[in-house]
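# Structural overview
Listed below are the residues making up each chain.
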Amino acid sequence: MVKFAYASILLIPAAAYGFAPSITSAPVLHNVGNAISARPAFASDKRRSIAPLSMANSSALKMSEAAADGEKSLGSKIFEVYTKTANAATTLFPLWTVLFTAIALKKPSTFDFFTTEYFTAALAALMLSMGITLTPQDFVEVTKEPSSVLMQFSLCYGMMPALAFFLGKAFGLEAGLLAGMVLVGSINGGQASNLCTYIAKGNVALSVLMTTATTVGAILMTPFLCKTILGAVVPVDAAGIAKSTIQVVLAPIAIGMTANKFFPKIVKAILPFAPVVGVVSTCLLVASAVAQVAEPILGAGMNLQIPVLLLHLLGGIVGYWLPKITGFGEVKSRTMAIETSMKSSAFGFLLAKLHFGDYIARVPSAVSVVWMALTGSLLAVVWRYIPVKEDE
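In this report, we go over the structure that sits alongside the text. (Residues numbered from 1 in each chain as written. Predicted model: local features only at pLDDT ≥ 70, side-chain atom pairs only at ≥ 80, totals over all residues. Heavy atoms only, no water.)

## Thoughts on the side chain of Thr197
The line we're drawing: Put simply, DSSP marks the helices as runs of H or I at least four residues long and the strands as runs of E at least two long, and each gets a number from the N terminus on. Each residue's exposure class comes from its accessible area (1.4 Å probe, protein chains only) as a fraction of the maximum for that residue type: buried when under 20%, exposed when over 50%, partly exposed otherwise. In this description, contact between two residues means that some pair of their heavy atoms is separated by no more than 4.5 Å.
The residue Thr197 is located in helix H9 (residues 192–199) in this model. Thr197 gets classed as buried once you look at its relative accessible area, which sits at 0%. Thr197 has contacts with Gly202, Asn203, Val204, Ser207, Thr335 and Ile338, leaving out every residue within four places of it along the chain.

## Here we look at the pattern of salt bridges
Spelled out, the test is: Basic side-chain nitrogens of Lys or Arg form a salt bridge, by our definition, when they fall within 4 Å of a carboxyl oxygen of Asp or Glu.
Applying the stated criterion across every chain, the model contains three salt bridges. Between Glu80 and Lys84 there is a salt bridge; the shortest N-O distance is 3.5 Å. In this pair, Glu80 and Lys84 are both assigned in helix H3 (residues 51–91), four residues apart and thus about one turn of the helix distant. Through salt bridges that share partners, Lys324, Glu330 and Arg334 make up one connected network.

## Looking at the layout of surface pockets
Where we set the bar: Cavities and pockets were defined on a 1 Å grid built from protein atoms only: a cavity is a group of points that admits a 1.4 Å probe but offers it no way out, a pocket is an open group of points flanked by protein on both sides within 12 Å along at least five of seven lines, and a lining residue is one with an atom within 4 Å of any such point. Grid points are joined across faces, edges and corners, and a volume is the space filled by probe spheres set on the points.
In this model, the second largest pocket occupies a volume close to 200 Å³. Together, Tyr82, Thr83, Ala86, Asn87, Thr90, Tyr198, Ile199, Lys201, Pro272, Pro275, Val276 and Arg384 line the second largest pocket. Looking at the lining of the second largest pocket, the elements with two or more residues in it are H3, H9 and helix H13 (274–292). Ranked by the residues each element gives to the lining of the second largest pocket, the list is headed by H3, at five residues.

## Describing the nonpolar core
The condition that has to hold: Among buried residues, the Ala, Val, Leu, Ile, Met, Phe, Trp, Tyr and Cys ones that are joined through side-chain atoms within 4.5 Å form a nonpolar core.
Phe93, Leu134 and Leu304 are the most contacted members of the largest nonpolar core, which has 70 residues in total. No other element matches the eleven residues that helix H18 (residues 363–384) contributes to this core. Other than its neighbours up to four places away in sequence, Phe93 contacts Leu195, Cys196, Ile199, Val279, Thr282, Cys283, Ser377 and Val381. Of all hydrophobic cores here, the second largest spans nine residues; its members include Leu183, Ile187, Ala352 and Ala361.

## Digging into the packing of helix H15 (residues 302–325) against helix H16 (residues 330–341)
For any two helices packed against each other, one specifies the inter-axial angle together with the distance between the axes. In plain terms, the rule: Between the N-to-C directions of two axes lies an angle of 0 to 180 degrees, each axis being a line fitted to C-alpha atoms and, for a helix, fitted only over the stretch in contact. In these notes the angle categories are as follows: under 35 degrees is roughly parallel, over 145 is roughly antiparallel, 65 to 115 is roughly perpendicular, and the rest is oblique. For a crossing to be left-handed, the near helix must be turned anticlockwise from the far one by less than a right angle; the clockwise case is right-handed. For this scheme, ten residues count as nonpolar: Ala, Val, Leu, Ile, Met, Phe, Trp, Tyr, Cys and Pro. Four count as charged, namely Asp, Glu, Lys and Arg, and the remainder, Gly too, count as polar.
At a minimum axis separation of 7 Å, H15 and H16 run at an interaxial angle of 155 degrees. Here H16 runs roughly antiparallel to H15, going by the angle between their axes. The handedness of the crossing between H15 and H16 is right-handed. The segment H15 lies against H16, with His312, Gly315, Gly316, Gly319, Tyr320, Pro323 and Lys324 engaging Glu330, Ser333, Arg334, Met336, Ala337, Thr340 and Ser341. Among the residues making up the contact of H15 with H16, the classes are represented as four nonpolar, seven polar and three charged.

## Re the environment of Gly180
With respect to the element layout, Gly180 can be found in helix H8 (residues 175–186). A relative accessible area of 1% means that Gly180 is categorised as buried. For the pair formed by Gly180 and Cys226, sequence separation is 46 residues and the distance between their alpha carbons is 9.8 Å. Not counting residues up to four positions away in its chain, the partners in contact with Gly180 are Ala361 and Pro364.

## Examining the environment of Ser341
Mapping Ser341 onto the fold places it in helix H16. Considered as a pair, Ser341 and Trp371 are 30 residues apart in the sequence and their alpha carbons are 9.7 Å apart. Those residues in contact with Ser341, other than ones at most four positions away along the chain, are His312, Gly316, Met372, Thr375 and Leu379.

Here's what the structure looks like:
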């Protein structure tokens with residue numbers, strides 16, 4: 001290997017000379033008696049000595065350029081095909097969500113391989129795929145306008161719990177299901193919202209900051225809201241939530257941003273693959289969560305399916321128009337809409353499983369896993385094809 005490296009180094013000057021432009025003036029050797037002297041070549045000498053070499057070099061350059069153009073053309077065509085395929089796959093994100101959900105409901109054992117370790121890894125991959133699109137400056141710019149984060153925080157922990165309670169009452173849900181509905185409305189924003197924000201041409205840095213703010217806020221807000229609205233205390237493992245937030249959200253984002261700063265060429269090469277990684281990760285996460293609670297989802301009935309769907313759909317609509325009419329721009333309004341609509345339903349299911357005595361209380365979270373992903377992905381795909389003005 002070392003010999004090969006040395007040989008390669010020695011060949012570099014020769015290769016460089018072969019592709020170098022022709023020299024307009026070169027010394028020509030002449031015999032003077034028994035001595036050899038060098039003098040500048042005259043025009044006739046140039047034509048005799050350099051012309052053949054120049055012609056050879058010119059032909060070689062033309063051939064190499066033609067070959068390079070051919071390779072570039074082939075590479076461009078392959079990348080163009082990939083780009084079109086990836087865009088189509090990303091656009092069909094809602095379809096993949098439905099397909100994976102249907103498989104999980106029909107045959108839950110299909111996703112038995114997707115254990116907790118893989119679940120965590122998929123969430124981390126989702127965050128990493130977003131992290132490489134960000135720079136520290138993005139977060140600096142976001143923190144200059146905290147009003148956006150405060151607005152979305154109030155939507156997450158103000159409007160959504162109230163909407164969940166209202167819908168539960170309107171559809172006459174029994175106490176256990178009503179408790180589960182309020183829990184869904186009272187939990188933090190889901191990590192998949194960052195991917196949907198990216199697809200919808202929203203502000204990814206703002207989305208990540210909002211997700212982090214509501215996730216940390218869940219330590220206090222979720223038990224407080226459940227106690228206030230339902231009269232039941234929901235214990236929350238604050239240390240566990242903080243640890244999971246660091247592992248699943250903050251660490252991958254930080255790694256992605258670091259790579260973007262110090263290895264920009266590598267990041268630029270892999271960046272086109274980020275949306276595909278995000279879509280695949282999200283589909284697996286949704287399918288895994290659904291597969292674990294397939295039976296209660298199938299037994300829920302339309303009386304629960306409709307209010308849960310409306311919770312996410314109306315949450316997205318209000319989450320868009322309220323910021324819009326209060327002076328926020330298009331990009332921020334889209335970001336807040338997706339953040340408000342997409343809740344961390346899997347986390348809600350876990351809380352219901354651990355801290356609610358009534359088994360039926362976990363069913364709304366299980367149903368929410370599907371409608372949350374479907375609603376968020378639909379909003380993302382629709383907005384993907386609606387242009388955003390540069391000043392917004």
